[in-house]
Amino acid sequence: MFLKIVEKFKESAVPTYQEIFKDIGKRSGGVKFLVDLRGTVLEMLDIETETDNLVALRFLNNSLRDLLGLWFSGGMMNLERITWQSPCEVLEKISQYEAVHPVRHWTDIKHRVGPYRRCFVFTHSCMPGEPVVVLHTALMEEIGDNVQQILRQNRTSEVEDPDKIRAAVFYSVSSTQKGLRGIDLGMYLIKRAVADMRREFPEIVDFSTLSPIPTFAAWLLTKVRSAETIESLMTEPEVLEWNQLVADQADEQDQDALKYLQMTLPSNWYEDDETRQSLQGFITRMALTYLTQEKRRGFAYDSVENFHLGNGAEIYRLNWLADTSGKGLSQSFGMMVNFRYPPDAELIKNSNNYIFNKCIKVSQQIQQMLATFGLLPAPTSS
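Residues numbered from 1 in each chain as written. Predicted model: local features only at pLDDT ≥ 70, side-chain atom pairs only at ≥ 80, totals over all residues. Heavy atoms only, no water.

K.L.:
I'd love a proper account of the overall build of the protein, names of residues and values included.
P.N.:
Of regular secondary structure, the protein possesses 16 helices and ten strands. Seen through its C-alpha atoms, the protein measures out along the principal axes to roughly 80 × 55 × 40 Å. Across the 382 residues that make up the protein, the buried fraction comes to 47%. Summarising the internal contacts of the protein: among those between residues at least 6 apart in sequence, 74% fall at separations of at least 24. (Helix = DSSP H or I, 4+ residues; strand = E, 2+ residues; numbered from the N terminus. Buried < 20%, exposed > 50% of the residue type's maximum accessible area, 1.4 Å probe, protein only. Contact = heavy atoms within 4.5 Å.)

Quick look at the structure:
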């Protein structure tokens with residue numbers, strides 16, 4: 001009797017619209033409709049101010065998220081490699097969906113799916129011809145440190161030489177469906193792509209990303225604007241180098257080192273050799289501080305970093321002026337970071353250590369930089 005009461009209570013607690021959603025999902029085009037519906041609900045949540053409406057929208061969003069999370073689990077997804085021979089409609093969608101490094105023209109996309117490149121997508125049987133997550137990879141002799149070199153190097157006329165492929169560099173991963181936000185498919189796509197490339201190129205030694213640090217510039221500018229003295233921001237050697245630059249370049253009325261830094265950072269400082277050299281140590285150290293010390297509830301503050309560390313990757317290397325596009329400079333002052341994906345056993349260990357102990361795995365090179373700059377290692381617990 002008690003079990004029947006519990007069962008009836010569970011049934012009454014399930015919103016009626018959830019059964020309607022399940023029925024819609026069984027129909028042709030129904031799953032895509034529900035994905036788009038949740039995208040619309042998320043947009044409404046961002047702008048809604050009425051409390052009653054917010055509560056109703058949150059319930060609706062949670063119901064859709066739970067349902068779509070079941071339908072779009074990693075094991076339900078199909079891995080496909082995209083080439084220049086793939087359907088034109090798919091290539092066009094991949095170009096449109098690219099969120100990290102915009103595709104400029106057809107030659108650009110031809111290069112990104114051509115020799116020494118791999119483009120993998122996840123698709124779903126209920127959404128044929130619709131890429132759900134897209135992963136762009138460069139096959140290189142070593143881990144890359146400059147995204148412009150990867151994007152501009154046109155190798156479409158070459159024949160791949162397996163002896164020149166020792167590293168696979170993931171330089172862009174994009175989720176294409178707003179309605180699947182919060183459903184982690186990127187991790188499964190990377191793991192499936194790694195397995196596929198290991199079979200094709202057994203000699204590959206390193207799997208790594210070349211990732212942006214999208215909120216670093218905003219974080220650093222806030223630090224600089226709120227600072228009271230230049231000494232509170234820079235180390236003694238950095239202060240000496242910056243003061244020399246100020247003395248050489250600034251007008252007499254702009255000789256204040258802190259104010260000159262506040263004016264310089266939002267400008268085109270990277271176009272001047274002396275300014276670029278003077279700021280390199282400071283910006284690199286602050287990027288390292290941001291990645292290893294700045295936290296949100298004990299985890300990495302940066303969303304891209306948090307994603308890769310949760311997957312089990314390590315912070316392998318910081319790259320100075322690795323993305324000199326307008327977007328790269330405005331978001332991260334051109335800094336990019338390699339997150340290296342180790343073999344499976346170490347990957348699982350790193351992931352568990354980060355998720356349960358909030359411990360950030362770093363390479364020996366990053367450890368040496370932390371020691372040089374006098375930065376404490378990331379805490380192992382919160």
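Now, onward.
K.L.:
Just give me the short version of the environment of Ile-315, but keep the residues and values in it.
P.N.:
Along the polypeptide, Ile-315 turns up in strand 9 (residues 314–319). For the pair formed by Ile-315 and Ala-345, sequence separation is 30 residues and the distance between their alpha carbons is 17 Å. Not counting the four nearest positions on each side in its chain, Ile-315 is found in contact with Leu-291, Thr-292, Glu-305, Leu-309, Val-337, Asn-338, Phe-339, Ile-360, Lys-361, Val-362, Ser-363 and Ile-366.

K.L.:
How would you sum up the packing of aromatic side chains? Please name residues and give values.
P.N.:
Taken as a whole, this structure holds twelve aromatic pairs when the rule is applied. An angle of 40° between the planes, with centres 5.8 Å apart, marks the rings of Trp-242 and Tyr-260 as tilted. Taken together, the positions of Trp-242 in helix 10 (residues 236–249) and Tyr-260 in helix 11 (residues 257–264) put the pair 18 residues apart, joining distant regions of the chain. Overall, the relative accessible area of 14% leaves Tyr-260 in the buried class. (Phe/Tyr/Trp six-rings, centres within 6.5 Å; stacked < 30°, edge-to-face > 60°.)

K.L.:
Can you explain the nonpolar core? Please cite residues and give values.
P.N.:
Counting residues in hydrophobic clusters, the biggest one holds 86 residues, and the most contacted among them are Phe-72, Phe-216, Trp-242, Leu-261, Phe-282 and Ile-283. With eight residues, the top contributor of residues to this core is helix 12 (residues 273–293). Other than its neighbours up to four places away in sequence, Ile-283 contacts Phe-216, Leu-220, Leu-265, Trp-269, Trp-320, Phe-333 and Met-335. In this structure, Val-90, Leu-91, Ile-109 and Val-113 belong to the second largest nonpolar core, which totals ten residues. (Core = buried A, V, L, I, M, F, W, Y, C linked by side-chain atoms within 4.5 Å.)

K.L.:
A description of the side chain of Ser-172 should follow, citing residues and the corresponding values.
P.N.:
Relative to the elements of secondary structure, Ser-172 occurs in strand 4 (residues 167–175). Polar side-chain contacts of Ser-172 include one of 2.6 Å to the side chain of Glu-98. Contacts of Ser-172, omitting those with residues within four sequence positions, involve Glu-98, Val-100, His-101, Val-134, Leu-135 and His-136. (Polar contact = N/O pair within 3.5 Å; in protein donor to acceptor, adjacent residues only side chain to side chain.)

K.L.:
Lay out the state of the cysteines in plain terms, naming residues and giving numbers.
P.N.:
The final tally for this structure, using the stated rule, is zero disulfides. Unpaired in terms of disulfides, Cys-88 finds its nearest cysteine sulfur in Cys-119, a separation of 14 Å. Residue Cys-88 is classed as partly exposed on the basis of its relative accessible area, which comes to 43%. (Disulfide = S-S within 2.5 Å.)

K.L.:
Just give me the short version of the packing of helix 8 (residues 186–200) against helix 13 (residues 303–311), but keep the residues and values in it.
P.N.:
Between helix 8 and helix 13, the least distance of the axes is 10 Å, while the angle of their chain directions is 55°. The pairing of helix 8 with helix 13 is recorded here as oblique in orientation. Considering only the axes of helix 8 and helix 13, their crossing is right-handed. On helix 13, the residues that touch Gly-186, Met-187 and Ile-190 of helix 8 are Phe-307, His-308 and Asn-311. (Axes fitted to C-alpha atoms, helices over the stretch in contact; angles between N-to-C directions. Parallel < 35°, antiparallel > 145°, perpendicular 65-115°, else oblique. Left-handed = near helix turned anticlockwise from the far one by under 90°.)

K.L.:
Got a sec to walk through unusual backbone geometry? Specific residues and values, please.
P.N.:
Phi angles above zero are rare outside glycine, and Tyr-116 is one such case at about 60°. Assignment of secondary structure puts Tyr-116 in the loop between helix 6 (106–112) and strand 2 (117–123). By relative accessible area, Tyr-116 is classed as buried at 1%. With a phi close to 55°, Phe-333 is a non-glycine residue in the positive phi region. Tracing the backbone through its elements, the reader meets Phe-333 in the loop between helix 14 (326–332) and strand 10 (336–341).

K.L.:
Give me the lowdown on helix 11, citing residues and values where you can.
P.N.:
Since one α-helical turn is 3.6 residues long, residues separated by three or four positions face the same way. For helix 11, every residue scored as buried is listed here: Ala-257, Leu-258, Tyr-260, Leu-261 and Thr-264. On an axial view of helix 11, the arc spanned by its buried residues comes to 160°, and they lie on one face. Of the surrounding elements, those touching the buried residues of helix 11 are helix 9 (216–226), helix 10 and helix 12. The opening residue of helix 11 is Asp-256, an N-cap whose side-chain oxygen sits 3.0 Å from the backbone nitrogen of Leu-258. (Arc of directions from axis to C-beta.)

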